[in-house]
Amino acid sequence: PTLFKIGPLKFLLGTTWKPGNDIFGILPMILGSIYVTAGAILVGVPIGLLTAVFLSKAAAPGVRNVVVTAVELLSGIPSVVFGLLGMQVLVPAVAKVFGKASGACLLSAIVVLSIMILPSIVSVSVTALNAVPPEYEQGSLALGATDTETWFKISIPAAKSGIAAGIVLGIGRAIGEAMAVMMVAGNSPNMPDSPFRSVTFLTTAIAKEMSYAGGLQRQALFSIALVLFVFIMIINVVLNVVLKGGSRDE
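Predicted, not measured: the structure shown is a model, and the values here were computed from it.

**Q** What is the right way to read the overall build of the protein from this model?
**A** Looking only at helices and strands, the protein has twelve helices and two strands in total. Along the chain direction, N to C, the helices and strands of the protein fall in the order α-α-β-β-α-α-α-α-α-α-α-α-α-α. Viewed in the frame of its principal axes, the protein has a C-alpha envelope of about 70 × 45 × 30 Å. Residue burial in the protein is summarised as follows: out of 250 residues, 42% are buried. Partitioning the contacts of the protein with sequence separation of at least 6, the portion at a separation of at least 24 is 69%.

The structure is reproduced here in structure tokens:
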């Protein structure tokens, strides 16, 4: 109902969020959530996939055990700890390196989320790569392919369904994260027109304002949750279509 009280276009396409003046525009939050998720995927997926290939195919047993243990520890760390470390270490570093007054910005949130999604991508991808029948790789090597060519042209395509599942898990964590990004993003409802802008995401807007909101503002926060729900549904549908399309092509 709040969407119709405010106006769907004003709510979804408005660029100003001022609850005290009954102005509720969430376009900056929508774009911020899209940008931070896309940035985390662009940074985290290649690193996670290359790490998984290294652990599954190239790493010595001792190195593999150490790295796998570290990845498992990362997966068990609460998100608030990532946010605290980001606030104490990453935010000052970003401000110093880029000469900004504050490092609490979109870039810091992308870096934190990239680290947070790595365990999901690495652990699931390693399992998928280890499940590839050795005959596939032996046949490739027998035909004269190098180890690297075999890993990237035979092993990864054969394990792509499991790798895709790990990426989906990582995307789900990135979209739904609130506490960690709240601590490093600055929490100002600005348009994310620069990596160094202080921004608010859909999840952080709900988390930071729900405790004291009332009336129309509280209803608007529930509407943000509805938008987030639809946003996640759209991403899941798109991923399912892409994966099923890939399966049919095979």
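**Q** Any chance you could explain unusual backbone geometry here in plain terms?
**A** A negative phi angle is the norm for most residues apart from glycine, just as the trans form is the norm for most peptide bonds. In this model, Asp-22 sits at a positive phi of 55°, which is unusual for a non-glycine residue. Its identity is not glycine, yet Asn-187 carries a phi of approximately 65°, on the positive side. A residue is classified by how much of its surface remains accessible, and Asn-187, at 21% relative accessible area, is partly exposed.

**Q** Just checking my understanding: could you explain helix 3 (residues 27–58) for this structure?
**A** Since one α-helical turn is 3.6 residues long, residues separated by three or four positions face the same way. Taking 1.5 Å per residue as the helical rise, helix 3 with its 32 residues ought to reach 46 Å, and the 45 Å between its terminal C-alpha atoms agrees with that figure. By the largest-angle criterion, Gly-44 marks the main kink of helix 3, which is about 30°, and a proline, Pro-46, follows within four residues.

**Q** Help me understand empty space enclosed by the protein, please; the structure alone is not making it clear to me.
**A** One simple way to see leftover space: roll a probe sized like a water molecule over the atoms. In this structure the tally under the stated criterion is one cavity of 30 Å³ or more. For the largest cavity, the calculated volume is near 80 Å³. The wall of the largest cavity is formed by 13 residues, among which Ser-33, Val-36, Ala-174, Ile-175 and Thr-203 lie closest to the centre. Per-element accounting of the lining of the largest cavity gives the leading share, three residues, to helix 3. Grouping the constituent residues of the lining of the largest cavity by class yields nine nonpolar, three polar and one charged.

**Q** Is there a simple way to explain the pattern of salt bridges in this structure?
**A** Any two side chains of opposite charge can pair if their charged atoms end up close together. Enumeration according to the criterion identifies two salt bridges in this entry. For Lys-57, the salt bridge goes to Glu-137, with nearest N and O atoms at 2.6 Å. With a gap of 80 residues between them, Lys-57 in helix 3 and Glu-137 in helix 7 (residues 134–142) connect regions that are remote in the sequence. For Glu-137, a relative accessible area of 16% gives the class buried. Between Asp-193 and Arg-197 there is a salt bridge, with the nearest N and O atoms lying 3.1 Å from each other. Residue Asp-193 is classed as exposed on the basis of its relative accessible area of 59%.

**Q** Help me out: how do you make sense of the packing of helix 7 against helix 8 (residues 147–158) in this one?
**A** When two helices pack together, their arrangement is given by the angle between their axes and by how far apart the axes lie. Put simply, helix 7 and helix 8 touch, their axes get as near as 10 Å, and they point 145° apart. For the crossing formed where helix 7 meets helix 8, the hand is right-handed. Contact residues: Tyr-136, Glu-137, Ser-140 and Leu-141 in helix 7; Asp-147, Thr-150, Ile-154, Ser-155 and Ala-158 in helix 8.

Cut-off values and rules
Residues numbered from 1 in each chain as written. Predicted model: local features only at pLDDT ≥ 70, side-chain atom pairs only at ≥ 80, totals over all residues. Heavy atoms only, no water. Helix = DSSP H or I, 4+ residues; strand = E, 2+ residues; numbered from the N terminus. Buried < 20%, exposed > 50% of the residue type's maximum accessible area, 1.4 Å probe, protein only. Contact = heavy atoms within 4.5 Å. Expected span 1.5 Å × (residues − 1). Bend = angle between axes of the 7 residues up to and from the residue. 1 Å grid on protein atoms, 1.4 Å probe; cavity = no way out; pocket = protein on both sides within 12 Å on 5 of 7 lines; lining within 4 Å. Points joined across faces, edges and corners; volume = space filled by probe spheres on them. Nonpolar A, V, L, I, M, F, W, Y, C, P; charged D, E, K, R; others polar. Salt bridge = Lys/Arg side-chain N within 4 Å of Asp/Glu carboxyl O. Axes fitted to C-alpha atoms, helices over the stretch in contact; angles between N-to-C directions. Left-handed = near helix turned anticlockwise from the far one by under 90°.

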